[in-house]
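# Residue-level structural notes
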Amino acid sequence: MPWLVSIVNRPIAAPRAASPTARVRFDQLVALWTRHVPATAGDGAGDYEDFVEQAVRLEAALNTFGADNVWLVVSTEPGIAVNAGTGESRAAAELQHWPRYGTQPSRRHEDIDMQQARLAADYYRYEAFVSRAGRRLSVCGFGLEGQGAELGDVLAGWAAGGARRAFLKSVQIKQFAFPMDLPAGFGPGDGSRLMYDALDYGAMYMEGVRESIIAQEFVTMEYEYRLFVVGNTVATAAGCVEEFTPLDNNGYPFDNQLRRHRQAKSPVEAEPAIARALTNFSRNAVDALALEVPALTDYVIDVALGPTGKPLIVELNSLLNAGLYASQPARVTKAMATLERETVR
Ligand SMILES: Nc1ncnc2c1ncn2[C@@H]1O[C@H](COP(=O)(O)OP(=O)(O)OP(=O)(O)O)[C@@H](O)[C@H]1O
Ligand SMILES: [Mg+2]
C-alpha cells in the first residue's frame with residue numbers, strides 16, 4: 001500500500017544536551033534524514049524541535065509503511081514525489097488520491113482534500129465539545145449591524161454576570177487567540193474597539209464577518225494534554241510541553257510528563273494519576289464525537305483540568321499538522337496502516 005508522505009525540509013539542528021539515549025536517537029535521525037532529504041544551506045543551525053519533529057515523522061513513515069511504499073514529497077519541491085526505496089520519481093499531482101501522512105502544506109486545507117482537518121477545525125460546533133468545554137462559548141462577529149451574534153453583546157452579557165476575563169479565538173485556524181480583560185462596565189459598544197486594539201488593521205478584514213470569532217469565558221486550564229486519535233481510537237498522547245519532542249517520550253505510549261501551567265512554563269513532572277484521568281475523559285469524548293460526527297475519525301484532542309479540577313476539552317486540531325510533543329508517532333502510523341488495510345476503497 002503506497003503512501004504520500006509530506007516532509008518539510010527544515011535545516012538539520014545541532015544536538016541538544018540530553019540523555020545519552022536521546023543523543024543516540026538524535027544521531028540516528030540525522031543519518032536517516034541525510035539519506036532521504038536534500039541538504040539545505042542552514043544545516044547544522046536549524047531549530048531543534050522543528051527538525052526533530054520532521055525527522056521523527058519521516059522515521060515513523062519509513063518504519064511502518066516500508067521504504068518502497070513511501071513516496072516522499074519535500075516542501076521545497078512540492079510537485080515531485082520520490083520513492084524512498086527505489087528513488088523513482090513521479091508527479092505528486094498524480095498521487096493525490098493516495099493516503100497521506102506528514103505535515104500538510106496548506107493551513108486552510110483548500111488546495112487538497114483534507115476532510116479530516118476541516119471537520120476537526122469545526123470542533124466548536126459539536127455538542128460533544130460544547131458539553132465538555134467547561135466554559136461558556138459563543139460564535140460571533142463584530143460590526144455586524146444586527147446581522148448575527150455580536151461580540152460586544154456577548155461579552156457585555158458575561159461582564160454583567162461578573163466575568164472579568166475572556167478568551168477570543170478566530171474561527172480560521174492560527175489567525176489569532178488571546179485572553180483579554182473585561183473591565184467593569186464593559187458595554188455592547190466596546191466590542192469593535194477591543195478588536196481594533198488587539199489586531200490593529202487586521203481587524204478591518206474581520207469587521208462585518210459573521211461567525212468569525214469563538215468568544216469564550218476565560219477559565220484556568222492546567223496540565224494540558226494532547227491525545228492523537230486514529231480511527232476513533234486514541235493511539236498515543238503526551239503533555240503539552242513546547243520544548244518536548246518524541247525524543248523526550250518516557251517509554252509509555254501515553255506519556256505522563258505534564259506541565260501544570262503551559263503558558264508560564266512551570267516545571268514538568270510525572271503525573272500518572274492526572275494523565276490517566278485526562279485519558280479516560282478523552283476516550284469518552286472521542287466516543288461521543290464518533291456518534292455525533294461519524295465522518296470525523298482522525299484528529300488530535302487537547303484536554304486539561306479546569307478550575308475545579310474537572311477535565312475539559314481545550315480544542316481539536318488536525319492529526320497530521322499537530323505538534324508531536326513527547327508522543328510516540330509510530331503508534332499513529334501503525335494505526336493508520338492497520339486501518340488502511342482494513343478499508344475497502
Ligand atoms: N477559554 C480559555 N480560557 C483560558 N485559557 C485558554 C482558553 N482557551 C484556550 N486557552 C489557553 O490558550 C491556549 C491556546 O488556545 P487554543 O489551543 O484554543 O488556540 P491555538 O490557536 O491552537 O493556539 P496554540 O497553537 O498555542 O495551541 C491553550 O492551550 C490554553 O492554554
Ligand atoms: Mg492549541
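Per-chain numbering applies: the sequence of each chain, read as written, is numbered from 1 onward. As they are written, the chains are lettered A onward and the ligands numbered 1 onward, keeping that order. Per-residue local features are limited, in this predicted model, to residues with pLDDT of at least 70; the limit for side-chain atom pairs, both in listing and counting, is 80 or more; totals at the level of whole chains, interfaces and linings are taken over all residues. As a rule here, side-chain values come from all non-hydrogen atoms in the structure, and water together with hydrogens is ignored.

## Describing the overall build of the protein chain
Numbering of helices and strands runs from the N terminus, with a helix taken as a DSSP run of H or I at least four residues long and a strand as a DSSP run of E at least two residues long. From N to C terminus, the protein chain includes 8 helices and 15 strands. When we talk radius of gyration, it's over C-alpha atoms, and the globule rule is simply 2.2 Å times the number of residues to the 0.38. Taking 20 Å as the expected radius of gyration for a compact globule of 345 residues, we find that the protein chain reaches 21 Å, a close match to that expectation. Projected onto the principal axes, the alpha-carbon positions of the protein chain cover approximately 65 × 45 × 45 Å. The buried share among the 345 residues of the protein chain stands at 48%. When the accessible surface of the protein chain is split by element, carbon and sulfur atoms take 52% of a total near 16200 Å². One finds the centroid of the 33 positive side-chain charges in the protein chain at a distance of 4 Å from the centroid of its 41 negative side-chain charges. A 1.4 Å probe rolled over the protein chains alone gives each residue an accessible area, and that area as a share of the maximum for its type sets the label: buried under 20%, exposed over 50%, partly exposed in between. Areas reported here follow the Shrake-Rupley algorithm with a probe of radius 1.4 Å; residue values treat only the protein chains shown as occluding. The charged-residue count follows a simple rule in which Lys and Arg add positive charge and Asp and Glu add negative charge, with His and chain termini not counted at all. To locate a charge, the coordinates of NZ of Lys, CZ of Arg, CG of Asp or CD of Glu are taken.

## A look at the packing of helix α1 (residues 20-36) against helix α2 (residues 48-65)
Axis lines are fitted through C-alpha atoms, for helices just across the contact stretch, and the angle between N-to-C directions can take any value from 0 to 180 degrees. Orientation of α1 relative to α2, taken along the N-to-C sense of each, is 70°, at an axis distance of 9 Å. The angle between α1 and α2 places the two elements in the roughly perpendicular class. From α1, Arg25, Phe26, Leu29, Val30, Leu32, Trp33 and His36 reach across to α2, where they touch Tyr48, Phe51, Val52, Gln54, Ala55, Val56, Leu58, Glu59 and Leu62. Amino acids are sorted into nonpolar (Ala, Val, Leu, Ile, Met, Phe, Trp, Tyr, Cys and Pro), charged (Asp, Glu, Lys and Arg) and polar (every other residue, Gly among them). Grouping the constituent residues of the contact of α1 with α2 by class yields 12 nonpolar, 2 polar and 2 charged. If an angle is under 35 degrees, it is roughly parallel; if it is over 145, roughly antiparallel; if it lies from 65 to 115, roughly perpendicular; otherwise it is oblique. In this analysis, two residues are considered to be in contact whenever any of their non-hydrogen atoms come within 4.5 Å of each other.

## Here's the deal with a nonpolar patch on the surface
On the surface, a cluster of nonpolar side chains totalling about 440 Å² of accessible area is made up of Tyr201, Met204 and Tyr205. Summarising the element assignment, Met204 is placed in the loop between α6 (190-199) and β9 (213-217). We classify Met204 as partly exposed; its relative accessible area is 44%. Each patch is built from salt-bridge-free residues with over 30% relative accessible area, joining like charges within 9 Å and nonpolar side chains (Val, Leu, Ile, Met, Phe, Trp, Tyr) within 5 Å. The rule for a salt bridge is simple: a side-chain nitrogen of Lys or Arg has to be within 4 Å of a carboxyl oxygen of Asp or Glu.

## Considerations on the site of ligand 1
It suffices for a single heavy atom of a residue to lie within 4 Å of a molecule or strand for the residue to be listed as near it. Taken together, 15 residues lie around ligand 1, and Lys169, Lys174, Glu224, Arg262 and Glu315 are the ones closest in. Between N or O atoms, a polar contact is any pair within 3.5 Å; within protein, one atom must be a potential hydrogen donor and the other a potential acceptor, and residues adjacent in sequence are included only when both atoms are from side chains. A distance of 3.0 Å is found between a nitrogen atom of ligand 1 and a backbone nitrogen or oxygen belonging to Glu217. Within the complex, the protein chains bury 85% of what would otherwise be the 590 Å² of accessible surface of ligand 1. Looking at the shell around ligand 1, the elements with two or more residues in it are β7 (165-170), β9 and β15 (311-317). Class assignment of the residues belonging to the shell around ligand 1 gives a composition of 6 nonpolar, 2 polar and 7 charged.

## Re the packing of aromatic side chains
Within 6.5 Å between ring centres, the rings of Phe, Tyr and Trp (the latter by its six-membered ring) count as paired, and their orientation is classed by plane angle as stacked under 30 degrees, edge-to-face over 60, tilted in between. Summed over all chains, the structure comprises 10 aromatic pairs. Of the aromatic side chains, those joined through ring pairs into one cluster are Phe26, Trp33, Tyr48 and Phe51. By definition, being over a ring means that NZ of Lys or CZ of Arg is both within 6 Å of the ring centre and within 35 degrees of the ring normal. Sitting above the plane of the Trp71 ring, Arg90 keeps its charged end 5.8 Å from the centroid. Against the face of Phe218 rests Arg165, its NZ or CZ located 4.6 Å from the ring centre.

## As for the domain arrangement of the protein chain
Residue ranges for the domains originate in an automatic or database domain assignment. When cut into domains, the protein chain gives domain 1 (3-103), domain 2 (118-122 + 220-342) and domain 3 (136-217). Centre-to-centre separation of domain 1 and domain 3, based on C-alpha positions: 41 Å.

## Thoughts on the sheet that holds strand β6 (residues 137-140)
Here the rule is simple: two strands pair whenever DSSP picks up at least two bridges between them. Taken together, 4 strands build an open sheet; the order of strands is β6-β9-β7-β8 and the sheet is antiparallel. Every interior strand has two partners, whereas the edge strands, β6 and β8 (177-181), have only one. Ignoring strand direction, the axes of neighbouring strands in this sheet form an average angle of 25°. The strands that helix α5 (residues 151-160) touches are β6, β7, β8 and β9; relative to β9, the one it contacts most, it runs at about 5°.

## Considerations on the pattern of salt bridges
Pairs may arise between side chains of opposite charge once their charged atoms sit close together. Under the definition given, this model contains 16 salt bridges. Of the charged contacts, one joins Glu243 and Arg259 as a salt bridge, the two residues approaching to 2.9 Å between their closest N and O atoms. You can see Glu243 sitting in the loop between β11 (233-239) and β12 (257-259) and its partner Arg259 sitting in strand β12, a full 16 residues away along the chain. Judged by relative accessible area, Glu243 falls into the partly exposed class, the value being 27%. Relative accessible area serves as the criterion here: at 5%, Arg259 is assigned to the buried category. Put simply, Asp190, Arg193 and Asp197 are held in one network by salt bridges that share partners.

## Points about unusual backbone geometry
At Asp200, a residue that is not glycine, the phi angle is positive and equals roughly 60°. Phi is positive for Lys265, close to 55°, though the residue is something other than glycine. By the element assignment, Lys265 lies in the loop between β12 and β13 (268-270). Classification of Lys265 by relative accessible area gives partly exposed; the value is 46%.

## Digging into the environment of Met114
You can see Met114 is positioned in the loop between β5 (100-102) and α3 (115-121). Met114 gets classed as buried once you look at its relative accessible area, which sits at 7%. Between the C-alpha atoms of Met114 and Leu320, which are 206 residues apart in sequence, the distance is 9.9 Å.

## Focus on the environment of Ala290
On the secondary structure map, Ala290 appears in helix α7 (residues 272-292). Once the C-alpha coordinates of Ala290 and Glu49 are considered, the two residues, 241 residues apart in sequence, prove to be 32 Å apart.

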